[in-house]
Amino acid sequence: MDGERLQKVLAAAGVGSRRVCDQLIADGRVTVDGKVAVLGTRVDPQTAVIHVDGTRIPTRAGHVVLALHKPRGVASAMTDQKGLPCVGDYVADRPERVFHVGRLDVDTEGLLLLTNDGELANRIAHPSHGVSKTYVATVGGRVDPGLRARLRKPVQLDDGPVTVDASRIVAVEDERSVVEVSLHEGRNRIVRRLFDALGHPVQRLVRTQVGPVRLRGLGPGELREVTGKELQALYTQVGL
């Protein structure tokens, strides 16, 4: 028979033991290509779209997602023609050929995803899929409590309005403040331009989260592979 036994594929993907996966299938909690699976189902892990309780279980061998803490001063490019260090330098020894998902400008640090899954990258980057990105901005000046009310409404920029999904004032001092914002837009330097429009220019900007993937203690220049429930949540959020 063609394909591999479904419970074996699920177990290899880290869902649980084969016995646990057998029970999930028997309980009708597993779908393959949109149809409820039954015991004895065989699949091609390279092409099958498998969900457990609505959560996507990535099974395609060779696909990888990496989380990099891009340092300030590093270009979001796999190679750079201007002599700057670039994110490609941090994955030069990886066996897979990965590429960055979206960009962070040179002066912005924080979480940048890299992958060799083109469809996943497109969906993360495109605003229509609503993948929120969270930033912590250190801005000039003392922000007032009314800032959050202003951020609940679209802020007009020169290329159109920007809408913030969520915001939080982290700290307020006389000469600077720290504000966390989440948004799913990806226009060039969008967060910096947002705070410029609000009269609080950005002094430091760190991206801390993309969808369900968090920076999670990575130091500048450090890299980790996104796996397990975090990877499953990422695929599920973009509808793959």
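Residues numbered from 1 in each chain as written. Predicted model: local features only at pLDDT ≥ 70, side-chain atom pairs only at ≥ 80, totals over all residues. Heavy atoms only, no water.

Visitor: Any chance you could explain the pattern of salt bridges here in plain terms?
Guide: Two side chains carrying opposite charge are able to pair once their charged atoms lie near each other. One pass over the full model with this rule turns up 16 salt bridges. As a salt-bridge pair, Arg192 and Asp105 come within 3.3 Å of each other at their nearest N and O atoms. In this pair, Arg192 is assigned in helix α5 (residues 190–197) and Asp105 in the loop between β8 (99–100) and β9 (109–115), connecting sequence segments 87 residues apart. Relative accessible area serves as the criterion here: at 10%, Arg192 is assigned to the buried category. The exposure class assigned to Asp105 is buried, which follows from its relative accessible area of 18%. Residues Arg168 and Glu180 are paired through a salt bridge, measuring 3.4 Å at the closest nitrogen-oxygen approach. Within this pair, whereas Arg168 is found in strand β13 (residues 166–172), its partner Glu180 is found in strand β14 (residues 176–183), the two being separated by 12 residues in sequence. (Salt bridge = Lys/Arg side-chain N within 4 Å of Asp/Glu carboxyl O. Helix = DSSP H or I, 4+ residues; strand = E, 2+ residues; numbered from the N terminus. Buried < 20%, exposed > 50% of the residue type's maximum accessible area, 1.4 Å probe, protein only.)

Visitor: Where do I start with helix α6 (residues 228–237) in this structure?
Guide: One full turn of an α-helix is made of 3.6 residues, so residues set three or four places apart face in the same direction. Restricting attention to buried positions, one finds in α6 the residues Glu230, Leu231, Gln232, Leu234 and Tyr235. Along its buried surface, α6 packs onto β6 (55–56), β7 (65–70), β9, α3 (118–125), β16 (213–214) and β17 (223–225). After α6 finishes, the residue Gly239 shows a positive phi value of roughly 80°. (Contact = heavy atoms within 4.5 Å.)

Remember that the coordinates give geometry; whether it matters functionally is a separate question.
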